[in-house]
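In case you want the letters, here they are:
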Amino acid sequence: MDAVRVALLREVLAGTEWIQATRRFAGSLRTAVAPHGGGLLLVGGAGYEPWHLAAHLDDEAAWSGLPELSPTLVRQRVPPGAPAHLAVGPGRLAAAGRGETLLVVAPEQPGAELLERVHDARRNGATVLALDGGDRDLHALAHDALTASAPLPDGNPGGNPGGSPGGTPGGTHGTVTGPDPEDVASQGLDLDTVQHLVSAAAGENSLPAPRGRRRFRDRLARLADELTAPPPPRW
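Colleague: Whenever I open this one, the overall build of the protein chain confuses me. Can you help?
Modeller: From N to C terminus, the protein chain includes nine helices and five strands. Counting from the amino terminus, helix and strand elements in the protein chain follow one another as α-α-β-α-β-α-β-α-β-α-β-α-α-α. When burial is assessed residue by residue, the protein chain has 46% of its 235 residues classed as buried. A sequence separation of at least 24 residues applies to 71% of the contacts in the protein chain between residues at least 6 apart. Carbon and sulfur atoms form 52% of the exposed surface of the protein chain, whose accessible area is close to 11300 Å².

Have a look at this one:
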């Protein structure tokens, strides 16, 4: 999902709570990492690696001039020969502590082993944030959490009618370009879409100005300028 599509989604979602919710969560993320100049650890649940969020946060860090948003992707399993920035295993969580932020992305139950590592990281002083499908145990450990809606069996976003943040545990993950903006207005958001909105909001340098036709044109013009800058080929 590119920046223009994110902007269009925001226009469609303007009458729902999702814009405020994703910006609030993005604010929690920036508040956690800014004082320490980084220290962001990104980890997925069992069987899930948040590649796209890692790449988008890296892009936002470069485009917005906020290097503290660039994450370290912590992988449950590191294959042989992986490059250094993709070879950080779960043992890194054992060293997480004060001044670091652990962002957990888990569309399904994160698993007992990961929960134990998250618990230890929080006990050692790390800030814990969660983007998930509504796991109660993970929410109990998180300083802030945002729950996506569970996808319907056909793969479309579903869950909470009216587009309000919430949903039920569960869901599946796939590589998608994002839901149709018109459909999102009357349905919940899946975790992929929530990640796009959060990463985009995290890179914003200020609160949005009052809405209006001129503001939307200005926003699209700025996004078009951003799209001309090549993203860092890190991921």
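Colleague: So what exactly am I meant to see when it comes to the pairing of strand β1 (residues 40–44) here?
Modeller: Sheet faces and side chains relate simply in a regular strand, where the side chains alternate between the two faces. Among the five residues that make up β1, five are buried, leaving the element largely enclosed by the rest of the structure. Neither face of β1 is left uncovered, since the one carrying L40, L42 and G44 and the one carrying L41 and V43 both have all their residues buried. Here β1 runs beside strand β3 (residues 101–106); their pairing, made up of five bridges, is parallel. Directly across from L42, in β3, lies its bridge partner L103. When β1 meets strand β2 (residues 72–74), the two strands line up parallel, connected through three bridges. The residue of β2 that forms the bridge with L41 is T72. A crossover connection joins β1 to the parallel β2 through helix α3 (residues 51–64); in handedness this β-α-β unit is right-handed.

Colleague: Is there a simple way to explain the sheet that holds β3 in this structure?
Modeller: Picture the strands of a sheet paired through backbone hydrogen bonds; they go either parallel or antiparallel. Sheet architecture is open: five strands sit in the order β2-β1-β3-β4-β5, paired in parallel fashion. Two strands close off the open sheet at either side, each with one partner strand: β2 and β5 (144–147). On average, each strand axis in the sheet is tilted by 20° relative to the strand beside it, whichever way the strands run. Docked against the sheet, helix α8 (residues 191–202) engages β3, β4 (127–132) and β5, running at close to 135° with respect to β4.

Colleague: So what exactly am I meant to see when it comes to the nonpolar core here?
Modeller: The nonpolar side chains of a soluble globular protein tend to be buried, and buried together. One finds L29, L103, V105, L131 and V194 to be the most contacted residues of the largest nonpolar core, which totals 34 residues. Among the secondary structure elements, those contributing two or more residues to this core are α2 (18–33), β1, α3, β3, β4 and α8. With residues up to four places along the chain from it excluded, the contact list for V194 reads W18, T22, L131, L146, A148 and L189. Of all hydrophobic cores here, the second largest spans 19 residues; its members include L41, L93, A106 and A142.

Cut-offs and rules
- Residues numbered from 1 in each chain as written.
- Predicted model: local features only at pLDDT ≥ 70, side-chain atom pairs only at ≥ 80, totals over all residues.
- Heavy atoms only, no water.
- Helix = DSSP H or I, 4+ residues; strand = E, 2+ residues; numbered from the N terminus.
- Buried < 20%, exposed > 50% of the residue type's maximum accessible area, 1.4 Å probe, protein only.
- Contact = heavy atoms within 4.5 Å.
- Areas by Shrake-Rupley, 256 points an atom, 1.4 Å probe, with all protein chains shown as cover.
- Pairing = 2+ DSSP bridges.
- Right-handed = clockwise from strand over helix to strand, strands pointing away.
- Axes fitted to C-alpha atoms, helices over the stretch in contact; angles between N-to-C directions.
- Core = buried A, V, L, I, M, F, W, Y, C linked by side-chain atoms within 4.5 Å.

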